[in-house]
Amino acid sequence: MSQPLTQVLASAAFALAAAWLAYRQRLGLSRSLLTAALRAALQLAVVGALIALVFKVPVLAIAFVAIMVATASLTAGSRMRALPGSRKIAIGAIALPALSAVGLLLLVGAFSATPRATIPTAGILIGGAMLATTLTGRRLVDDLTGATDEIEARLALGDRARDALAPMTRRAIAGAMVPLVDQTRSAGLVTLPGTFVGLVLGGASPETAARVQLTVLLTLLLVQLLSALLTAELVTRAATLPGERVLRL
Amino acid sequence: MTGPHEQRVDGLAVRGLAVGHGERAVLRDIAFDAPKGTVTALVGPSGAGKSTLLRCLNRLLLPQAGRVLLDGADTAELEPCRLRRRVGLVGQIPVMLPGSVRDNLAYGLDPAPGGDALTTALGAAGLDAAFLDRPAAELSGGERARVALARALTRTPELLLLDEPTAALDAAAAHHIGATLTALAHDGLGIVVATHDLPFAAGVADRVVALRDGGAVVGEPQELLA
């Protein structure tokens, strides 16, 4: 059997085994496991074909990155749907830090300005920005829903709306950075991060893989922090009502 | 500004207040005075709009119509943060902020008040100075209610709004809070207390505002709470 075919069959077998196990344990999960696996297969097939096309027609890379930003913003925006203007908040908080970082890396020549280098780098940075935006926004929406007593207690003591929200935004930002900080700290020890694995599988030397992985991880530290800060700022503005009041969700 | 024939109230004056969520008016045409040095009890069944009305008095909630005057000045024209320090609110759930009781009492105050001011506020709420260094998170429900009251007092308000201050308390503690409110009013503070506890209201109130079917009936405690 050819290696590509074996890969497809082996991975399908693992997904089916997971669905079967979930069914036997009556977890009510098997259906979503299977649809998730199917979706991933379809999406990756389409993306593979698209990227092949982009490699041939480099100008399409811009459209490709735009689609990544739009998808990430829709996903993050839907996680804080209760807030007015959530989609705009997500677009700003994701696109600004992620795309600036991509531009800067290309400008200084850290990566070559080819679709082959740009698209995966942009993808990782946009994904990281989406994670930080989602975690920060979700936490703040929860606070605006569930911690109204605390917010109103601070307002009643004479706080401005911005000051009444500040302890919550600080907590949300710190919480949103935890996964990345852990990932960065344990890089190479607990897991081999995706970029490293991909490059090694693709034939790059472990040294090159480690260097590129480090570049991505350290860039993500600033990108995700900026996304979290921007999300907090934009949510604070959206939740601040005239007369130093705070929106109750 | 008050009308030409209307007397300026030293304290809060509510005039033609209407509050609603969307189309539905929860409260309409509410009018009463809450002068400094007196205790006004807001009574009515739960859901009658007592908390809603209290939150209009320090503009945590904006009314659909009508005005709330403080010493004759429309509160809509006052700076909101300044207004909320002059008209303190102790919510139904006494939220403790992080840190010690001292941190709670001094919260947001710059310059930080001296130890005497904190002890005085704590004493007025019925707690002794030993509480100052206790972590606020470790206090019991009754102690939290008192710290929340003391925290409002450190802002040296002219009026104090209290939402169901006896809800979490036993009869003895409720009696003590009642005596505290009476003493504070005697010292010149204006107090508006929302409560569903009619015996408590009868014990502390100089005047009663009864909310019923979205409107307000104002009267003496003996006529409305009999």
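Residues numbered from 1 in each chain as written. Chains lettered and ligands numbered in written order. Predicted model: local features only at pLDDT ≥ 70, side-chain atom pairs only at ≥ 80, totals over all residues.

A.B. asks: How would you summarise the overall build of chain A if you had to cite specific residues and measurements?
C.D. replies: When helices and strands are tallied, chain A shows nine helices and two strands. For chain A, the spread of C-alpha atoms along the principal axes amounts to about 70 × 55 × 35 Å. Residue burial in chain A is summarised as follows: out of 249 residues, 33% are buried. (Helix = DSSP H or I, 4+ residues; strand = E, 2+ residues; numbered from the N terminus. Buried ≥ 20, exposed ≤ 12 C-beta atoms within 10 Å, placed from the backbone.)

A.B. asks: Give me the lowdown on the overall build of chain B, citing residues and values where you can.
C.D. replies: Across its full length, chain B holds eight helices and ten strands. Here the C-alpha radius of gyration of chain B, 17 Å, is about what a compact globule of 226 residues would show, namely 17 Å. Seen along its three principal axes, the alpha-carbon backbone of chain B occupies a region of about 50 × 40 × 35 Å. Excluding contacts between residues fewer than 6 apart, the proportion of contacts in chain B whose partners are at least 24 apart in sequence is 70%. (Rg over C-alpha atoms; globule rule 2.2 N^0.38 Å. Contact = placed C-beta atoms within 7 Å.)

A.B. asks: Just give me the short version of the interface of chain A and chain B, but keep the residues and values in it.
C.D. replies: Each partner contributes to the interface: chain A provides 13 residues, whereas chain B provides 17 residues. The element contributing the most residues to the side of chain A that touches chain B is helix H6 (residues 148-156) of chain A, with six residues. Classifying every residue of the side of chain A that touches chain B gives four nonpolar, two polar and seven charged. (Nonpolar A, V, L, I, M, F, W, Y, C, P; charged D, E, K, R; others polar.)

A.B. asks: An account of unusual backbone geometry is needed here, citing residue identities and associated values.
C.D. replies: Residue and element names in this part refer to chain B. In this structure, the amide linkage connecting Asp110 to the following residue, Pro111, adopts the cis form with an omega of 5 degrees. Looking at the element boundaries, Pro111 is found in the loop between helix H3 (101-106) and helix H4 (115-124). Within the chain, Asp71 stands out as a residue other than glycine whose phi angle is a positive 50 degrees. Among the structural elements, Asp71 can be located in the loop between strand S4 (65-70) and strand S5 (73-74). Residue class for Asp71 comes out partly exposed when judged on the 15 C-beta atoms lying within 10 Å of it.

A.B. asks: An account of the environment of Ala90 of chain A is needed here, citing residue identities and associated values.
C.D. replies: Residues and elements named next belong to chain A. Looking at the element boundaries, Ala90 is found in helix H4 (residues 86-107). Residues Ala90 and Leu230, 140 residues apart in the sequence, show an inter-C-alpha distance of 9.2 Å. Aside from chain neighbours lying at most four places away, what touches Ala90 is Ser73, Ala76, Gly77 and Thr133.

A.B. asks: Which residues make up the sheet that holds S4 of chain B, and what are the values?
C.D. replies: All names here are of chain B. An order of S2-S1-S4-S5 is seen for the four strands of this open sheet, with the pairing classed as antiparallel. Each end of this open sheet is capped by a strand with a single partner; those strands are strand S2 (24-35) and S5. With five bridges joining them, strand S1 (residues 11-21) and S4 adopt antiparallel strand pairing. Note on S4: the bridge partner recorded for Leu12 is Leu70. (Pairing = 2+ DSSP bridges.)

A.B. asks: Tell me about the environment of Glu152 of chain A, and please be specific about residues and values.
C.D. replies: Considering the arrangement of structural elements, one finds Glu152 of chain A in helix H6. Glu152 of chain A sits in the buried class, given 23 other C-beta atoms within 10 Å. In the structure, Glu152 of chain A is positioned 13 residues away from Leu165 of chain A in sequence and 9.9 Å away in space, judged by C-alpha atoms. In this structure, Glu152 of chain A is in contact with Leu60 and Gly91 of chain B, ignoring residues within four places of it in sequence.

A.B. asks: Mind laying out the sheet that holds strand S10 (residues 215-219) of chain B, listing which residues take part and the relevant values?
C.D. replies: Strand pairing in a sheet is mediated by backbone hydrogen bonds. Such pairs are either parallel or antiparallel. Residue and element names in this part refer to chain B. Strand order in the open sheet formed by six strands is S6-S7-S8-S3-S9-S10, with mixed pairing between adjacent strands. The sheet terminates laterally at strand S6 (87-90) and S10, the two strands that pair on one side only. Across the sheet, the mean angle separating the axes of adjacent strands is 15 degrees when strand polarity is ignored. Bridge count for S6 against strand S7 (residues 159-163) is four bridges, and the pairing is parallel. The residue of S7 that forms the bridge with Gly88 is Leu160. The strands touched by helix H1 (residues 50-57) are strand S3 (39-43), S6, S7, strand S8 (190-194) and strand S9 (207-212); relative to S8, the strand with the most contacts, the crossing angle is about 150 degrees. (Axes fitted to C-alpha atoms, helices over the stretch in contact; angles between N-to-C directions.)

A.B. asks: Please set out the packing of helix H2 (residues 30-56) of chain A against helix H5 (residues 115-146) of chain A residue by residue, giving values where relevant.
C.D. replies: Residues and elements named next belong to chain A. Axis separation between H2 and H5 bottoms out at 10 Å; the angle between their running directions is 140 degrees. Relative to H5, the element H2 is oriented oblique. Mapping the contact onto sequence places Ile51, Val54 and Phe55 in H2 and Pro115, Arg116 and Ile119 in H5. Grouping the amino acids of the contact of H2 with H5 by side-chain chemistry returns five nonpolar, no polar and one charged. (Parallel < 35°, antiparallel > 145°, perpendicular 65-115°, else oblique.)

A.B. asks: Please give an account of the nonpolar core that cites residues and values.
C.D. replies: Grouped together as the largest cluster of nonpolar side chains are 123 residues, with contacts concentrated most on Ile94, Ala98 and Leu125 of chain A together with Ile191 and Val193 of chain B. Considering every element that reaches this core, the biggest residue donor is H5 of chain A, with 13 residues. In this structure Val193 of chain B touches Val39, Ala41, Leu42, Leu162, Pro165, Leu181 and Val204 of chain B, once residues within four positions along its chain are discounted. (Core = buried A, V, L, I, M, F, W, Y, C linked by C-beta atoms within 7 Å.)

A.B. asks: Which residues make up the confidence of the model for chain A, and what values do they have?
C.D. replies: In this model, chain A carries a mean pLDDT of 94, and residues with pLDDT of at least 70 account for 100%. Averaged pLDDT values over the elements of chain A bottom out at 88 in helix H8 (residues 194-201) of chain A and peak at 97 in H4 of chain A. (pLDDT = per-residue confidence, 0-100.)

A.B. asks: How would you summarise the confidence of the model for chain B if you had to cite specific residues and measurements?
C.D. replies: Per-chain confidence: chain B averages 91 in pLDDT, with 96% of residues scoring 70 or above. Listed scores for the predicted complex are pTM 0.88 and ipTM 0.93.

A.B. asks: Can you break down H4 of chain A residue by residue, with the values?
C.D. replies: Residue and element names in this part refer to chain A. Over its 22 residues, H4 runs 31 Å from end to end, which matches the ideal 32 Å to within 8%, given 1.5 Å per residue. All of the buried residues in H4 are Ser86, Ile89, Ala90, Ala93, Ile94, Ala95, Pro97, Ala98, Ala101, Val102 and Leu105. On its buried face, H4 is in contact with helix H3 (60-79), H5 and helix H9 (206-239). Looking one or two residues past H4, Gly109 carries a phi angle of roughly 80 degrees, positive in sign. (Expected span 1.5 Å × (residues − 1).)

A.B. asks: Before we move on, could you go through the environment of Thr52 of chain B and cite the residues and values that matter?
C.D. replies: All names here are of chain B. Take Thr52: it is sitting in helix H1. For the pair formed by Thr52 and Pro63, sequence separation is eleven residues and the distance between their alpha carbons is 9.5 Å. Non-local contacts of Thr52, meaning those with residues more than four positions away in its chain, are made with Val19, Val26, Leu27 and Leu61.

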